[in-house]
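Analysis of the macromolecular model
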Amino acid sequence: PLESSPVNPSHATFDLFVQAQTCKDVKHHFTQLCRQLEIDPKDFGSFYAKLKERLNYWKAKALWTKLDKRASHEDYQQGKACTKNKCLVLGAGPCGLRVAIDLSLLGAQVVLLEKRETFSRNNVLHLWPYTIYDLRELGAKKFYGKFCSGSLDHISIRQLQLILLKVALLLGVEVHTGVEFQGLIEPSGENGWMAKLQPRSHPAAAFQFDVFISAGGGRFVPDGFKHKELRGKLAIGITANFINRHTAAETQVEEISGVARIYNQKFFQELLNETGIDLENIVYYKDDTHYFVMTAKKKSLLKKGVIKQDHNDADQLLAPANVDYEALCSYAYDAADFSTGGRLPDLQFAQNHVGQRDVAMFDFTCMHRAENASLVKERRGKKLLIGLVGDCLVEPFWPLGTGIARGFFAAFDAAWMVRSWGNGVPHLKVLAERESVYQLLSQTTPENTSKKYAAYSIDPRTRYLRVNLSAIQTHQVQHLYDVEKTHPSFKKQKESSLHMRQDSAGGSEELLKWCQKHTAGYKNVNVKDFTRSWRSGLALCALIHHFRPDLIDMSSLDESNCVHNNQLAFSILEKELGIPPVMSPNSLANTDHIDKLTMVLYLTQIQSGFALPKK
Ligand code: FAD
């Protein structure tokens with residue numbers, strides 16, 4: 001009947017929803033649409049089906065075709081894989097929204113919490129080809145006509161959030177903004193796991209869940225997870241956004257997609273000579289704004305008065321009181337102007353969320369990475385599966401633009417984990433599988449991941465080229481199962497862990513023996529464990545030499561040149577066996593940074609690589 005009425009108000013509302021450009025408007029038009037169509041958005045199980053049935057309008061139908069295609073993927077088991085699961089997702093950044101979409105396609109009830117009320121980040125994200133494909137398949141172009149047209153491969157963070165928010169709402173995700181997550185509340189009485197929220201009386205505070213996904217960004221890591229700090233050399237990033245008026249003159253200025261210093265020495269030298277600005281790299285994207293991100297050298301920031309006082313500690317160095325905002329604006333302006341050859345006429349800063357010129361300076365010296373991607377907590381017999389995705393799992397280095405690519409991979413991997421959980425796979429197996437996949441995340445590049453984007457799904461095997469879902473075994477993730485000590489299942493856990501340890505000690509012992517056998521007799525090589533013995537890199541080189549003496553000249557290696565030896569072994573193993581390195585040559589050279597589990601996984605891959613019949 002709605003379809004036959006001559007002027008159907010829901011069509012107009014749907015158009016407004018599709019075109020809405022703020023978080024508030026999206027939510028407003030969505031509520032209106034639900035009211036007009038008389039569908040309760042809380043009825044998540046049948047929401048999308050009802051919406052499709054009642055909004056049988058050609059523009060909407062084009063979108064349903066896309067979403068139906070995605071939803072019909074066999075991995076979602078016709079939306080039945082997780083019908084019993086209730087998921088709380090923290091954070092409406094791109095990764096929280098992306099994982100929420102997949103969880104709802106799996107049939108779970110999904111509640112998403114976001115502390116901000118607005119989407120205001122102008123900064124621009126680089127998209128790998130697969131993310132462009134993925135977002136197109138979710139209907140990105142219908143929500144945002146300019147999405148990656150031509151050769152564009154980027155989008156502003158806020159536009160990406162808007163697209164994903166719209167998809168999430170249409171699929172029945174319950175999104176709450178303006179509410180802050182403050183921690184988990186353990187089960188008590190009849191209640192299961194719940195969240196402590198601000199404001200306290202928020203309706204979502206009554207939600208009980210068995211899955212919690214944190215996509216809280218940056219350094220937001222829930223209790224129970226540990227973070228590793230990867231400390232590099234001092235790296236100071238500056239972002240700046242200028243108004244894009246879309247004039248013909250602006251259109252003609254070319255983007256700069258990552259002029260690394262080493263590739264264009266002349267450019268950076270001229271910049272330094274003419275302006276006193278000294279950069280490691282600079283990226284320029286023309287998007288909703290003219291967006292620049294650059295890594296600047298401390299010395300030039302001090303010289304130009306951007307940083308007032310020198311400090312060794314990066315936090316002190318970049319503390320707001322130590323930064324001259326006016327000088328920072330000039331620095332960013334001059335760098336932008338010079339790098340575009342002065343051809344962007346009338347450069348004017350865009351405004352940030354507090355109405356100031358949109359310039360910011362960030363410290364990339366320490367990048368954080370969670371040691372684990374998953375955890376199970378059990379209290380009073382109630383289990384909670386916890387997973388991390390996005391920046392709170394692995395912090396990206398923005399100038400390289402890895403944030404969304406790896407962030408979406410982690411979102412799919414987390415959804416795959418929840419699928420196993422929903423399918424009743426034992427919790428230790430769920431954790432072991434998730435951690436096996438996580439080992440590969442930091443090494444993913446567009447080159448070493450599958451090019452068959454159309455075949456990508458939440459199943460990791462469709463995306464990672466060499467993934468072994470059982471690389472890590474259940475006994476190796478015991479510590480990720482946190483059960484209260486008084487509960488009967490703790491006893492059970494202890495007993496079974498004892499069993500498993502006994503069974504599987506054989507597993508790594510065998511690997512150790514294999515390593516010893518094939519490195520025996522090499523000078524300065526004495527394999528006794530999975531950590532210290534590998535420090536100098538000679539043991540890895542010896543392993544390679546044992547199987548392929550043509551690839552390495554052992555006599556040219558110096559025991560004290562650890563980083564070089566490690567780098568050499570990593571490169572050969574990657575090139576010849578396709579095994580991506582699992583840590584940096586520096587970390588392996590430093591025993592404090594060697595993680596036994598990682599090394600076991602790496603050596604297992606090497607073992608099977610050499611065991612393959614020679615071509
Ligand atoms: P985010 O996008 O950071 O989202 C996390 C969300 O969780 C936020 O919306 C936050 O408000 C919410 N949240 C956090 N804690 C709570 C809580 N307790 N309760 C409720 N909600 C909470 N990447 C680039 O490639 N280039 C850039 O120039 C760039 N600029 C950035 C600028 C800023 C200010 C930030 C924060 C990030 C920037 N990034 C940039 C990183 C990029 O945004 C992320 O890689 C990408 O958005 C994926 O992140 P995410 O979804 O994991 O987290």
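Up top is the structure these notes are about.
Presented here is a report on the structure given in the accompanying data block.

Thresholds applied
- Residues numbered from 1 in each chain as written.
- Predicted model: local features only at pLDDT ≥ 70, side-chain atom pairs only at ≥ 80, totals over all residues.
- Heavy atoms only, no water.
- Near = heavy atom within 4 Å.
- Polar contact = N/O pair within 3.5 Å; in protein donor to acceptor, adjacent residues only side chain to side chain.
- Helix = DSSP H or I, 4+ residues; strand = E, 2+ residues; numbered from the N terminus.
- Nonpolar A, V, L, I, M, F, W, Y, C, P; charged D, E, K, R; others polar.
- Core = buried A, V, L, I, M, F, W, Y, C linked by side-chain atoms within 4.5 Å.
- Buried < 20%, exposed > 50% of the residue type's maximum accessible area, 1.4 Å probe, protein only.
- Pairing = 2+ DSSP bridges.
- Axes fitted to C-alpha atoms, helices over the stretch in contact; angles between N-to-C directions.
- Contact = heavy atoms within 4.5 Å.

With respect to the site of the ligand
In the vicinity of the ligand there are 29 residues, among which Glu114, Arg116, Arg121, Tyr291 and Asp391 approach most closely. One of the side-chain N or O atoms of Glu114 is found 2.6 Å from an oxygen atom in the ligand. In this structure, Asn123 approaches the ligand through a side-chain N or O atom, which is 2.9 Å from a nitrogen atom. Looking at the shell around the ligand, the elements with two or more residues in it are helix H5 (94-105), strand E2 (109-114), strand E3 (124-126), strand E6 (180-185) and helix H14 (403-422). When its residues are assigned to classes, the shell around the ligand shows 15 nonpolar, eight polar and six charged.

Re the nonpolar core
With 127 residues, the main nonpolar core has Trp64, Leu103, Phe147 and Ile213 as its most contacted residues. Take this core: its biggest share by element is 13 residues, from H14. Counting residues in each nonpolar core, the second largest holds 36 residues, with Leu538, Ala539, Ile544 and Ile606 among its members.

Some remarks on the sheet that holds strand E1 (residues 86-90)
What the seven strands build is an open sheet, ordered E5-E2-E1-E8-E17-E16-E18; its pairing is mixed. Across the chains shown, the open sheet's two edge strands, defined by having one partner strand only, are strand E5 (174-177) and strand E18 (481-483). For this sheet, the mean inter-axis angle between neighbouring strands, taken without regard to orientation, is 20°. Where E1 and E2 come together, five bridges link them in parallel fashion. Bridging from a neighbouring strand, Lys86 pairs with Gln109 of E2. Of the strands in this sheet, strand E16 (374-379), strand E17 (382-388) and E18 are in contact with helix H15 (residues 427-441), which crosses E16 at around 160°.

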